[in-house]
Amino acid sequence: MTPAVRRLQAIQNALTYITVCADQKVNQFILPDGKAMTVRPALADSAPPKKSVYIDELVVCEYRVLDRTAQLVISAVGTHFEHTASHVPSFPVIEIFLSSSSLPQTSRHNISVKDMWATVYALFTLYHVQETIPVILSQQINNRDELCSYLLRSGLGRTAHAPTASKEEIYLHRATFWQGAGTQGYHTRGWLPPSPISPLSVAPFPYIQSFTRTPTVIAAHPLRPQKPKPGETIYRRFCPSIGETLEFKYFDLGNGSETSAHLDAFHRWHNQERVNMAWGERGSLEKHRAYVTEVMNDPAVLPVIMSWNGEHMGYAEITYLKENHIAAHIPGGPGDWDRGLHVLVGEDKFRGTERTNMWHRSLIHYCFLADPRTEYVMGEPRADNPSILKVDFDSAMHIATIFDFPYKRSALACVTRERSFRLDLL
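S.K.: Looking at this model, I keep getting lost on the pattern of salt bridges. Mind explaining?
M.R.: A side chain of one charge can pair with a side chain of the opposite charge if their charged atoms are brought near each other. Within the structure shown, the criterion is met by 26 salt bridges. The partner of Arg224 in a salt bridge is Glu323, with the nearest N and O atoms 2.9 Å apart. Linking Arg224 in the loop between strand S10 (218-222) and strand S11 (233-239) with Glu323 in the loop between strand S14 (311-320) and strand S15 (339-345), this pair joins segments that are 99 residues apart in sequence. Comparing Arg224 with Glu323 shows no difference in burial state: the two are buried. Lys408 is paired through a salt bridge with Glu380; the nearest N and O atoms lie 2.8 Å apart. Here Lys408, found in the loop between strand S17 (398-404) and strand S18 (409-416), pairs with Glu380, found in the loop between strand S16 (376-379) and helix H9 (386-394); they are 28 residues apart in sequence, far enough to count as distant. Through salt bridges with shared partners, one network takes in Asp33, Asp115 and Arg189.

S.K.: Can you walk me through unusual backbone geometry in this structure?
M.R.: Backbone phi values are negative for most residues with the exception of glycine, while trans is the configuration of most peptide bonds. A positive phi angle is found at Asp56, which is not glycine, with a value near 50°. Within the element layout of this structure, Asp56 appears in the loop between strand S3 (50-55) and strand S4 (58-71). By relative accessible area, which is 39% here, Asp56 ends up partly exposed.

S.K.: Teacher, can you tell me more about empty space enclosed by the protein here?
M.R.: With a probe scaled to a water molecule rolled over the atoms, the places where space remains empty come into view. Under the definition given, this model contains two cavities of 30 Å³ or more. Here the largest cavity is characterised by a volume of approximately 90 Å³. Listing elements by their share of the lining of the largest cavity, those giving two or more residues are helix H2 (113-126) and S11. Classifying every residue of the lining of the largest cavity gives eight nonpolar, four polar and one charged. Estimates place the volume of the second largest cavity at around 70 Å³. If you go around the second largest cavity, the residues you meet are Arg361, Ile364, His365, Ser395, Ser420, Phe421, Leu425 and Leu426. Of all elements in the fold, only helix H8 (353-370) and helix H10 (417-423) reach the threshold of two or more residues within the lining of the second largest cavity. A total of three residues in the lining of the second largest cavity trace back to one element, the largest contributor, which is H8. A per-class count over the lining of the second largest cavity returns four nonpolar, three polar and one charged.

S.K.: Explanation requested: the pairing of strand S2 (residues 36-41) in the structure shown.
M.R.: Side chains on a regular strand alternate between the two faces of the sheet. In this sheet, S2 lies alongside strand S1 (residues 29-30) in antiparallel orientation, the contact comprising two bridges. Paired with Ile30 across the bridge in S2 is Ala36. Taking the residues that link successive antiparallel strands as the turn, the S1-S2 hairpin has five residues, and the phi of Gly34 there is positive, at about 95°. Here S2 pairs with S3 via five bridges, running antiparallel. What sits directly across from Arg40, in S3, is Ser52.

So, how was this worked out
- Residues numbered from 1 in each chain as written.
- Predicted model: local features only at pLDDT ≥ 70, side-chain atom pairs only at ≥ 80, totals over all residues.
- Heavy atoms only, no water.
- Salt bridge = Lys/Arg side-chain N within 4 Å of Asp/Glu carboxyl O.
- Helix = DSSP H or I, 4+ residues; strand = E, 2+ residues; numbered from the N terminus.
- Buried < 20%, exposed > 50% of the residue type's maximum accessible area, 1.4 Å probe, protein only.
- 1 Å grid on protein atoms, 1.4 Å probe; cavity = no way out; pocket = protein on both sides within 12 Å on 5 of 7 lines; lining within 4 Å.
- Points joined across faces, edges and corners; volume = space filled by probe spheres on them.
- Nonpolar A, V, L, I, M, F, W, Y, C, P; charged D, E, K, R; others polar.
- Pairing = 2+ DSSP bridges.

It is worth stressing that arrangement in space is one thing and function is another; only the former is reported here.
Below, the structure written as structure tokens:
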């Protein structure tokens, strides 16, 4: 086998053997709004066994796995394979209903929309490897029709595709759930915290042309949205495999000459030899203040501080590729809303494969959640850095090309929206 064939085989293996995250327990699972969710066996004995979903120790609902399965057949409908599509997985049907126990409950008659979304979150944590979860909502739920409409209109679920199939089951979609279906416009519990100006905004930022001219870029592109406030949280997600909450905040430079916690960490990290070897930005506090100020003044770059349970651990720049110097090296050019990543981990104790996969995949998740028109997220690591390339491969990225900057040879790592949500690596 030639070296070229071996390299291609390694890339194919990296992309082929990516698996979804394992099923997780839901025990003191922290929702994005800070509420604690737990799933426990229901107190009353029943067959099949029931489980209760608690949020802050109040019972939201109960569910049970029924003794039957359902299969969402789509492309085979209307063909002679419709009833023999064994390659399409069948999954157990889950019934969701109100609790009949005397335990404290959020409501004895209804399930709120935000609690319904949290219940879906619990189910996709418990049954993470399933592409779909077929559910039925009990007739005892007073607002059952409202909840069915919510699941279907938001895209969280769909009914059977075949015209003659039962419409009782709603098939919850893992891919649409992680795309944020059922959050913005419905409640404020999602991974992107609400804006203080418009907490339930659903429309993407409108298109109108703008223009950038710099020493390295001349490009027409869409006008970019206004940036968050300094220190504003833009993404928050509990990672059950680690048991901690990952958070991204827009960089807070501080006022005047004071040194903010963000700037202090940024300055300290860049003066570490490990970080300086990758970024080459070692220097004084004033140099770093000027660097961040320039980035914050660039409409195409979003500088963020990443943290675990509130402890700062790294820095990322999320860019719009259309007006970035990498654009000239992208085969076919970038799309109007495609994003790029440039990242560092400053704290050694937060290094390691598991944490790295979580924050890297979450950055990609944020990019796709922030605008539904984003089709690609890309990175440009050094082509001779196997550890970073492995992180990219583990996030379902592929290498589109190799190219040369004046100062390094880079690999163009790419992941598509469809692949990212289809594989569900979160």
